[in-house]
Amino acid sequence: MMSADFDDLVYHTHRVRDPVHNFIHFSDVEKKIIDLKIFQRLRNVKQLAFTYYVYPGALHSRFEHSLGVMELATQAITYLFKKYKDEIQNNLKKINLTIQHAVDCLRLAALLHDVGHLPFSHGAEAILPKGKKHEDVSMAAIDELRESIDSLYFEGATYLVMQLIQKDPVIPELNFLKDILSGQIDVDRMDYLLRDSLHCGVKYGTFDHHRMLETLLLIPGDETGGLRLGLDSGGIQSLEALILARYYMYTQVLFHRTRRIYDIYLQKFFEESGYKFENLLDATNMDDLDLTMMMRVAASDRSSAGHTWAHYIVNRDHHSVVYETSAFAGVKNRLIAERIYETLFAEFQDHSFIIDKNARGAIHKFVIPEEDEMGDFFYVNTKQGNWKLITELSKIIHDMPKVFHVIRIYAKNEAGQIDGRIKERVAELEGRTI
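### Focus on the overall build of the protein chain
And step 1. Counting its secondary structure elements, the protein chain contains 18 helices and 9 strands.
And step 2. Over its C-alpha trace the protein chain gives a radius of gyration of 23 Å, about what one expects of a compact globule, namely 22 Å for 434 residues.
And step 3. Over its C-alpha atoms, taken along the principal directions, the protein chain stretches across nearly 75 × 50 × 35 Å.
And step 4. Classification of the 434 residues of the protein chain by burial places 56% in the buried group.
And step 5. By element, 49% of the accessible surface of the protein chain is carried by carbon and sulfur atoms, the whole surface being about 19,800 Å².

Put into structure tokens, the structure is as follows:
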């Protein structure tokens with residue numbers, strides 16, 4: 001039965017305190033999902049992997065982040081429902097979906113979007129079959145729960161939840177819900193920026209998310225139909241702040257030089273140990289505690305595969321940066337870095353060198369008309385009532401490079417020291433090759 005009041009569509013039977021959103025509410029049915037072993041595992045999967053070696057407070061988990069994403073998804077759909085109740089209802093009628101079922105699926109998709117995340121964040125993806133990532137594990141885990149989910153919610157609920165999480169094109173009538181969960185201004189990145197910033201004790205990830213949510217709009221979709229997420233012009237500054245927050249968090253937290261070297265150690269540990277999951281669901285039986293014990297055992301036994309890398313991690317005995325590009329490295333920067341690395345490797349054979357060329361991430365994917373045709377055509381409703389691309393209205397977003405990419409060279413000897421001549425040599429090489 002359709003309710004006239006959105007508040008009736010979200011049950012507030014249970015609540016839990018959260019440092020970011022104050023109270024997060026959930027229903028009896030959602031509590032049953034939260035209580036599942038596969039979801040409880042996320043309590044022991046840190047959101048930011050080894051970042052706590054740099055920021056001691058960064059011990060928060062994928063568990064609380066998942067709850068936070070559910071809360072923000074609910075706030076987003078609440079604002080939209082108040083503005084577009086009839087449009088949303090008519091849109092969902094095309095696929096015989098009630099607003100109640102749509103809200104239930106959105107909240108459940110938000111809750112389960114990271115259920116397959118591996119220990120210590122992305123670094124452990126090396127143990128998955130080639131070409132697979134944590135998103136694939138999440139999809140496999142949700143599919144495994146199909147019977148439970150459909151019995152708790154309604155027949156077909158699992159299919160709709162997977163449609164909202166998967167990267168491939170979805171049912172057009174669900175586009176606006178997918179935009180909320182995994183678009184360019186999605187609630188997933190909103191929560192992790194706010195949450196990571198809070199727990200790291202930095203201000204870089206903060207932005208006015210309340211204003212952004214309040215200014216969300218719906219616009220008719222393209223030829224595929226459905227509705228898409230847009231923004232009122234009053235939310236432009238909030239969106240600019242989100243983009244800048246993402247850039248700052250990349251530079252100061254997510255790709256911090258020390259955090260990155262431990263991610264590399266973890267990948268090398270798995271490569272040497274040969275540890276692999278052939279079955280995606282097997283990955284949901286491991287958390288940070290299991291992996292930490294594995295590394296402690298390997299670190300204490302010199303004959304163990306991956307001993308060196310486990311030793312570096314467990315004993316915090318890490319390489320130090322001797323060369324670093326800007327935050328927007330291009331092909332020329334990569335060639336220079338590779339030449340410096342090869343020279344140092346040949347000339348200082350008593351040192352161990354590591355080059356990291358993979359510290360990169362998308363700052364945004366908004367289309368810039370005069371530069372490209374690929375990306376997200378995200379529209380803003382101007383004060384004159386016209387729809388324009390965000391990159392036409394915001395010079396900050398237009399001029400911001402789309403990709404963060406820094407290349408670093410790390411070095412150390414057996415004593416954990418760096419020969420002073422290395423940095424002198426790097427300076428010489430930089431001067432000669434620029």
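Alright, that's what it looks like, and here's the rest.
### Thoughts on the packing of helix 3 (residues 62–93) against helix 9 (residues 187–200)
And step 1. Orientation of helix 3 relative to helix 9, taken along the N-to-C sense of each, is 130 degrees, at an axis distance of 9 Å. The orientation of helix 3 relative to helix 9 falls into the category oblique. Where helix 3 crosses over helix 9, the handedness of that crossing is right-handed. Across the interface between the two elements, Glu64, His65, Gly68, Val69, Leu72, Ala73 and Ala76 from helix 3 touch Val187, Asp188, Met190, Asp191, Tyr192, Arg195 and His199 from helix 9.

### Remarks on the nonpolar core
And step 1. Core analysis: the biggest nonpolar cluster contains 96 residues, and Ile149, Ile180, Val187 and Leu239 have the highest contact counts within it.
And step 2. Counting residues in hydrophobic clusters, the runner-up holds 31 residues, among them Phe269, Leu291, Trp309 and Ile313.

### Brief notes about the pattern of salt bridges
Oppositely charged side chains can pair when the atoms bearing their charge come close.
And step 1. All chains considered together, the criterion is met by 23 salt bridges.
And step 2. Connected via shared salt-bridge partners are Asp18, Glu64, Asp191 and Arg195.

### Focus on the packing of helix 7 (residues 157–165) against helix 8 (residues 175–182)
And step 1. Contact geometry for helix 7 and helix 8: axes closest at 8 Å, N-to-C directions at 55 degrees. Here helix 8 runs oblique to helix 7, going by the angle between their axes. On helix 8, the residues that touch Gln163, Leu164 and Ile165 of helix 7 are Leu177, Lys178, Leu181 and Ser182.
And step 2. Taken together, the residues that form the contact of helix 7 with helix 8 break down as 4 nonpolar, 2 polar and 1 charged.

### Topic: the environment of Gln237
And step 1. Residue position: Gln237 is located in helix 11 (residues 236–254).
And step 2. In this structure Gln237 comes out as exposed when scored by relative accessible area, which is 51%.
And step 3. Put simply, Gln237 and Lys203 are 34 residues apart on the chain and 17 Å apart in space, counted from C-alpha to C-alpha.

### Quick look at the side chain of Ser394
And step 1. Relative to the helices and strands, Ser394 is located in the loop between helix 16 (390–393) and helix 17 (395–399).
And step 2. With sequence-adjacent residues up to four places away left out, Ser394 is seen in contact with Ile236 and Glu240.

### Describing the packing of aromatic side chains
Pairs of aromatic rings are described using the distance from one ring centre to the other and the angle between the two planes.
And step 1. The full count for this structure, using the stated rule, is 21 aromatic pairs.
And step 2. On the basis of an interplanar angle of 75 degrees and a centroid distance of 5.7 Å, the ring pair of Trp309 and Tyr312 is categorised as edge-to-face. Placement of both Trp309 and Tyr312 in helix 14 (residues 307–314) is noted, with a separation of 3 residues, approximately one turn of the helix. Of the two residues, Trp309 and Tyr312, neither departs from the other in class, the shared state being buried.
And step 3. Its guanidinium or amino end placed over the ring of Tyr53, Arg316 lies 5.2 Å from that ring's centre, counting from NZ or CZ.

### Remarks on unusual backbone geometry
And step 1. A positive phi angle, near 55 degrees, is found at Asn96, a position not held by glycine.
And step 2. Among the structural elements, Asn96 can be located in the loop between helix 3 and helix 4 (99–112).
And step 3. Among the residues examined, Asn96 registers a relative accessible area of 73% and is labelled exposed.
And step 4. At Arg316, a position not held by glycine, the phi torsion is positive, near 50 degrees.

### Here's the deal with the sheet that holds strand 6 (residues 351–362)
And step 1. Pairing is antiparallel in the open sheet, where 3 strands are placed in the order 5-9-6. The open sheet has two free edges, formed respectively by strand 5 (320–324) and strand 6, since each of these has just one partner strand. In this sheet, adjacent strand axes meet at a mean angle of 30 degrees when their direction is disregarded.
And step 2. Looking at chain direction, strand 5 and strand 9 (residues 403–413) are connected through 4 bridges and run antiparallel. Looking at the pairing, Ser320 lines up with Ala411 of strand 9.

### Describing the sheet that holds strand 8 (residues 387–389)
And step 1. Spatially, the 4 strands line up as an open sheet ordered 3-4-7-8, and their pairing is mixed. The open sheet has two free edges, formed respectively by strand 3 (216–220) and strand 8, since each of these has just one partner strand. Here the strands of the sheet are splayed against their neighbours by 45 degrees on average, with no regard to which way each runs.
And step 2. Across 5 bridges, strand 3 lies against strand 4 (residues 227–232) in antiparallel orientation. Bridge pairing in strand 4 links Leu216 to Leu231.
And step 3. Packing against the sheet, helix 3 makes contact with strand 3 and strand 4, and its axis sits at approximately 20 degrees to strand 3.

### Looking at the environment of Leu106
And step 1. Tracing the backbone shows Leu106 in helix 4.
And step 2. Judged by its relative accessible area of 0%, Leu106 falls in the buried class.
And step 3. For the pair Leu106 and Glu428, spaced 322 residues apart in sequence, the C-alpha to C-alpha distance is 56 Å.

Rules behind the numbers
- Numbering of residues begins from 1 in every chain and follows the order in which that chain's sequence is written.
- The predicted nature of this model means local features are confined to residues of pLDDT at least 70 and side-chain atom pairs, given and counted, to a pLDDT of 80 or more, with totals for whole chains, interfaces and linings taken over all residues.
- In computing side-chain properties, one takes all heavy atoms of the structure into account and sets aside hydrogens as well as water.
- Here a helix means four or more residues in a row that DSSP labels H or I, a strand means two or more in a row labelled E, and each is numbered from the N terminus.
- Only C-alpha atoms enter the radius of gyration, while the globule expectation follows 2.2 Å times N to the 0.38, with N the number of residues.
- Type-normalised accessible area, obtained with a 1.4 Å probe on protein chains alone, sets the label of each residue: buried when under 20%, exposed when over 50%, and partly exposed for intermediate values.
- Using the Shrake-Rupley algorithm and a 1.4 Å probe, accessible areas are obtained, with residue cover drawn only from the displayed protein chains.
- Interaxial angle, 0 to 180 degrees, is taken between N-to-C directions of lines fitted to C-alpha atoms, where a helix line uses only the stretch in contact.
- Angles below 35 degrees are treated as roughly parallel, those above 145 as roughly antiparallel, those between 65 and 115 as roughly perpendicular, and all remaining angles as oblique.
- A crossing counts as left-handed when the near helix is turned anticlockwise from the far one by less than a right angle, and as right-handed when that turn is clockwise.
- The contact definition used throughout considers only heavy atoms, calling two residues in contact when any of these lie within 4.5 Å.
- The criterion is simple. A nonpolar core is a set of buried Ala, Val, Leu, Ile, Met, Phe, Trp, Tyr and Cys residues joined through side-chain atoms within 4.5 Å.
- When a carboxyl oxygen of Asp or Glu is within 4 Å of a side-chain nitrogen of Lys or Arg, the pair counts as a salt bridge.
- All amino acids are sorted into three groups, where Ala, Val, Leu, Ile, Met, Phe, Trp, Tyr, Cys and Pro are nonpolar, Asp, Glu, Lys and Arg are charged, and the leftover types, Gly among them, are polar.
- Aromatic pairs are defined between Phe, Tyr and Trp rings, using the six-membered ring for Trp, whenever the two ring centres lie within 6.5 Å; interplanar angles under 30 degrees are classed as stacked, those over 60 as edge-to-face, and all others as tilted.
- Sitting over a ring, as applied to charges here, requires NZ of Lys or CZ of Arg to be within 6 Å of the ring centre and within 35 degrees of the ring normal.
- If DSSP finds at least two bridges between two strands, the strands pair.

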